[in-house]
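# Residue-level structure breakdown
Residue-level listing of the chains:
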Amino acid sequence: MVKVYSINNCPWCDKAKKYLQSRQVEYVECNIEMDEAALAECKALTNDEVVPVITADGKEYVLGFDKAKIDALLGF
């Protein structure tokens, strides 16, 4: 399952989500401003609160909006 950790009004989060949609990747959005459990998951994964964070397996992740790294993570 692909997850995108994001916050409100984040242009990089929006770009990441639009990119995943353009690649027809289904994902679950986890807003760390609105969901304390999502914030805890994000911190456990990255040791930080920087977004966007994209993960496919809950272990490896891409921090920020980097198309090449996102494609590599997702096997494109």
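This text gives an overview of the structure that appears in the document. Remember, predicted model here, so these are calculated numbers, not experimental data.

## Remarks on helix H2 (residues 36–46)
Listing the buried residues of H2 in full gives Ala38, Cys42, Leu45 and Thr46. Taken around the axis of H2, the buried residues stretch over an arc of 75 degrees, which confines them to a single face. Exposed residues lying more than 90 degrees from the buried face of H2 are Glu36 and Ala44. Looking at the packing, one finds that the buried side of H2 touches strand E1 (2–6), strand E2 (27–31), strand E3 (53–55) and strand E4 (61–63). Its side-chain oxygen 2.9 Å from the backbone nitrogen of Ala37, Asp35 forms the N-cap of H2.

## Considerations on the environment of Phe76
Along the chain, Phe76 turns up in the segment after helix H3 (67–74). Spatially, the C-alpha atom of Phe76 lies 15 Å from that of Ile54, the residues being 22 residues apart in sequence. Aside from chain neighbours lying at most four places away, what touches Phe76 is Arg23, Val25 and Asp71.

## Details of H3
In this structure Asp66 caps H3, since a side-chain oxygen of it lies 3.2 Å from the backbone nitrogen of Ala68. Once H3 finishes, Gly75 follows within two positions and takes phi at roughly 80 degrees, a positive value.

## Quick look at the environment of Thr46
Within the fold, Thr46 resides in helix H2. There is a polar contact of 3.1 Å between the side chain of Thr46 and the backbone oxygen of Asp48.

## Section: the packing of aromatic side chains
The geometry of an aromatic ring pair comes down to the distance between the two centres and the angle between the two planes. Tallied over the full model, the rule gives two aromatic pairs. Measuring from ring centre to ring centre gives 6.0 Å for Tyr19 and Phe65, while their planes differ by 75 degrees; the resulting arrangement is edge-to-face. Here the residue Tyr19 occupies a position in helix H1 (residues 11–22), and Phe65 occupies one in the loop between E4 and H3, the gap between them amounting to 46 residues. Here Tyr19 falls in the buried class, since its relative accessible area comes to 12%.

## Considering the state of the cysteines
Taken as a whole, this structure holds zero disulfides when the rule is applied. Free of any disulfide, Cys30 has its nearest neighbouring cysteine sulfur in Cys42, separated by 8.9 Å. Overall, Cys30 belongs to the buried group, its relative accessible area being 9%.

## Overview of the side chain of Thr55
By secondary structure assignment, the location of Thr55 is in strand E3. There is a polar contact of 2.9 Å between the side chain of Thr55 and the backbone nitrogen of Gly58. Polar side-chain contacts of Thr55 include one of 2.8 Å to the backbone oxygen of Glu60. The residues contacting Thr55, other than those within four sequence positions of it, are Met1, Val2, Lys3, Tyr5, Leu45, Glu60, Tyr61 and Leu73.

Definitions and limits used
Note that residues are indexed from 1 along each chain, following the sequence as it is written. The predicted origin of the model limits local features to residues at a pLDDT of at least 70 and limits the giving and counting of side-chain atom pairs to 80 or more, whereas totals for whole chains, interfaces and linings rest on all residues. Calculated side-chain values reflect all of the structure's heavy atoms, with hydrogen atoms and water omitted. For each residue, the accessible area found with a 1.4 Å probe, counting protein chains only, is set against the maximum for its type, and the residue is called buried under 20%, exposed over 50%, and partly exposed in between. The secondary structure listing takes helices from DSSP runs of H or I that are at least 4 residues long and strands from runs of E that are at least 2 residues long, numbered from the N terminus. By construction, the arc corresponds to the directions joining the helix axis to the C-beta atoms. Here, residues are in contact when the closest pair of their heavy atoms is within 4.5 Å. We define a polar contact as two N or O atoms separated by no more than 3.5 Å, with the added condition that, inside protein, one atom must be a possible hydrogen donor and the other a possible acceptor, whereas residues neighbouring each other in sequence contribute only through side-chain atom pairs. The rule is short: rings of Phe, Tyr and Trp, with Trp giving its six-membered ring, pair when the centres are within 6.5 Å, and they are stacked under 30 degrees, edge-to-face over 60, tilted in between. Count a disulfide wherever a pair of cysteine sulfur atoms falls within 2.5 Å.

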